[in-house]
Amino acid sequence: MAPFEAPILKLALPKGSMEKSVMALLSEAGIQVRFGPRDYRPQISIEHVSTKILRPQNIVEMLHVGSRDLGFAGADWAAEVDARVEEVLDTGLDPVKVVAAAPKHIINQGLNNRHLVVASEYQRLTQRWIQDRSLDATFLRTHGATEVYPPEDADCIVDNTATGSTLRANGLEVVDELMNSSTRLFANPQALKNPTKKEIIDRMVLLLGSVLESRRRVMLEVNVPGTCLESVIQALPCMRKPTISQLHGSDGYAVKAAVPRAELPRVIPEIKERGGTDIVVSNLAHIVP
């Protein structure tokens, strides 16, 4: 009798702007992706998983039809395709906003006071925005570089932006924010119903989530006299409770806690004022709650 072989989970990795950050996340999680002669089909160091490199827009479509089980893509493209997918992890990577923008003179005239040509790669999201705003508008499909269409070829655009600098460089101002987006890990719902595939997905989510959490936190260590211990602990925004051990030959204690990185400017001076000494901050590789 042939040995049991687990079903192959088909993973899609993004090509383009998301690629670098996703590959770095996988690497930090201990997941190696090795490219060979067939660069669109790299090898991954997870058993029973095959990989393919695709554009994020195509990843959403492949997950929707079921030819891929798991893949990284932007929330904006999942919304645009209205895909039957389930989000299993928001990485928070490559955050952007999908916005409507137009030249200032058109905004001053009023979007509802004229017929508009609205250019975008996002057909569904744009047409929904046009309907919600009750605009008299014609949709114009673009294929990249949408920001250069106004004012000669379009009156308004719907596009994604990280900082708004490209919009400003092209003389455009934001009219509306349609949605926030970031790189998400999506699964085909049928894959989640397969116990073996779901186990692989859950393990990947655990590993990747532990790296993302470690990026948000640092390990803070501080020595504290016994008389100041409770006061210092109250100032520590730790995950659950700090780790406390007695210092050799004294009534002092060593206190360790994983604290949010963003809290350091407040926490360090405060624990110093409360009697903490010898404060050490170090980076973390993984945090598994």
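Residues numbered from 1 in each chain as written. Predicted model: local features only at pLDDT ≥ 70, side-chain atom pairs only at ≥ 80, totals over all residues. Heavy atoms only, no water.

Asks: Report on the sheet that holds strand β5 (residues 70-74), specifying residues and quantitative values.
Replies: In space, the eight strands of this open sheet follow the order β4-β1-β5-β10-β6-β9-β7-β8, with mixed pairing throughout. The open sheet terminates on both sides in strands that have one partner only, identified here as β4 (49-54) and β8 (137-141). Here the strands of the sheet are splayed against their neighbours by 25° on average, with no regard to which way each runs. Sheet topology places strand β6 (residues 86-103) next to strand β9 (residues 156-161); five bridges connect them, and they run antiparallel. Residue pairing for β9: Ala-100 is matched across the bridge by Val-158. (Pairing = 2+ DSSP bridges. Helix = DSSP H or I, 4+ residues; strand = E, 2+ residues; numbered from the N terminus. Axes fitted to C-alpha atoms, helices over the stretch in contact; angles between N-to-C directions.)

Asks: Go over the layout of surface pockets with me, naming the residues and quoting the values.
Replies: For the largest pocket, the calculated volume is near 490 Å³. What lines the largest pocket is a set of 27 residues, among which Ser-17, Asp-76, Trp-77, Val-96 and Asn-160 lie closest to the centre. Of all the elements in the fold, those that place two or more residues in the lining of the largest pocket are α2 (56-65), α3 (75-81), β6, β9, α6 (165-169) and β10 (172-187). (1 Å grid on protein atoms, 1.4 Å probe; cavity = no way out; pocket = protein on both sides within 12 Å on 5 of 7 lines; lining within 4 Å. Points joined across faces, edges and corners; volume = space filled by probe spheres on them.)

Asks: Any details on the environment of Arg-215? Residues and values, ideally.
Replies: Mapped onto the elements of the fold, Arg-215 is located in helix α8 (residues 195-216). For Arg-215 and Asp-76, which are 139 residues apart along the polypeptide, the C-alpha to C-alpha distance reads 24 Å. The contact partners of Arg-215, leaving out residues within four places of it in the chain, are Ala-24, Leu-25, Glu-28, Leu-93 and Arg-261. Within the local environment of Arg-215, its side chain forms a polar contact with the side chain of Glu-28, the two groups lying 2.8 Å apart. (Contact = heavy atoms within 4.5 Å. Polar contact = N/O pair within 3.5 Å; in protein donor to acceptor, adjacent residues only side chain to side chain.)

Asks: Now, about the packing of helix α1 (residues 19-28) against α8: what can you tell me, with residues and values included?
Replies: Interaxial distance between α1 and α8 falls to 9 Å at its minimum, and their mutual angle equals 100°. Here α1 is positioned roughly perpendicular relative to α8, judged by the angle of their axes. Residues Ala-24, Leu-25, Leu-26 and Glu-28 of α1 touch α8, and the partners they reach there are Met-204, Leu-208, Val-211, Leu-212 and Arg-215. Split by residue class, the contact of α1 with α8 holds seven nonpolar, no polar and two charged. (Parallel < 35°, antiparallel > 145°, perpendicular 65-115°, else oblique. Nonpolar A, V, L, I, M, F, W, Y, C, P; charged D, E, K, R; others polar.)

Asks: Got a sec to walk through the sheet that holds strand β13 (residues 253-260)? Specific residues and values, please.
Replies: With antiparallel pairing, the four strands of this open sheet are ordered in space as β12-β13-β11-β14. In this open sheet, the two edge strands, each paired with only one partner strand, are β12 (243-246) and β14 (277-283). Averaged over all pairs of adjacent strands, the angle between strand axes in this sheet comes to 20°, irrespective of strand direction. Bridge count between β12 and β13: four bridges; the pairing is antiparallel. Across the sheet, the residue bridging to Gln-246 is Tyr-253, located in β13. This element, α8, spans β11 (217-224) and β13 of the sheet and lies at about 50° to β11.

Asks: Report on the pattern of salt bridges, specifying residues and quantitative values.
Replies: Should their charged atoms come close, side chains of opposite charge can pair. Tallied over the full model, the rule gives 15 salt bridges. Across the pair Arg-124 and Asp-82 runs a salt bridge, and its minimum N-O distance is 3.7 Å. Of this pair, Arg-124 sits in helix α5 (residues 123-132) while Asp-82 sits in the loop between α3 and β6, placing them 42 residues apart in sequence. The shortest N-O distance in the salt bridge between Arg-133 and Asp-176 comes to 2.4 Å. Linking Arg-133 in the loop between α5 and β8 with Asp-176 in strand β10, this pair joins segments that are 43 residues apart in sequence. What makes Asp-176 partly exposed here is its relative accessible area of 22%. Members of the salt-bridge network, linked through shared partners, are Glu-263, Arg-266, Glu-270 and Arg-274. (Salt bridge = Lys/Arg side-chain N within 4 Å of Asp/Glu carboxyl O. Buried < 20%, exposed > 50% of the residue type's maximum accessible area, 1.4 Å probe, protein only.)

Asks: For unusual backbone geometry, give the residues involved together with the corresponding values.
Replies: In the segment running from Pro-150 into Pro-151, the intervening peptide bond is cis, with an omega of 0°. Locating Pro-151 in the fold gives a position in the loop between β8 and β9. For His-48, which is not glycine, the phi dihedral falls at a positive 65°. With phi around 50°, Asp-94 is a residue other than glycine that occupies positive phi space. For Asp-94, the position within the fold is in strand β6. Residue classification places Asp-94 among the partly exposed residues on the basis of a relative accessible area of 32%.

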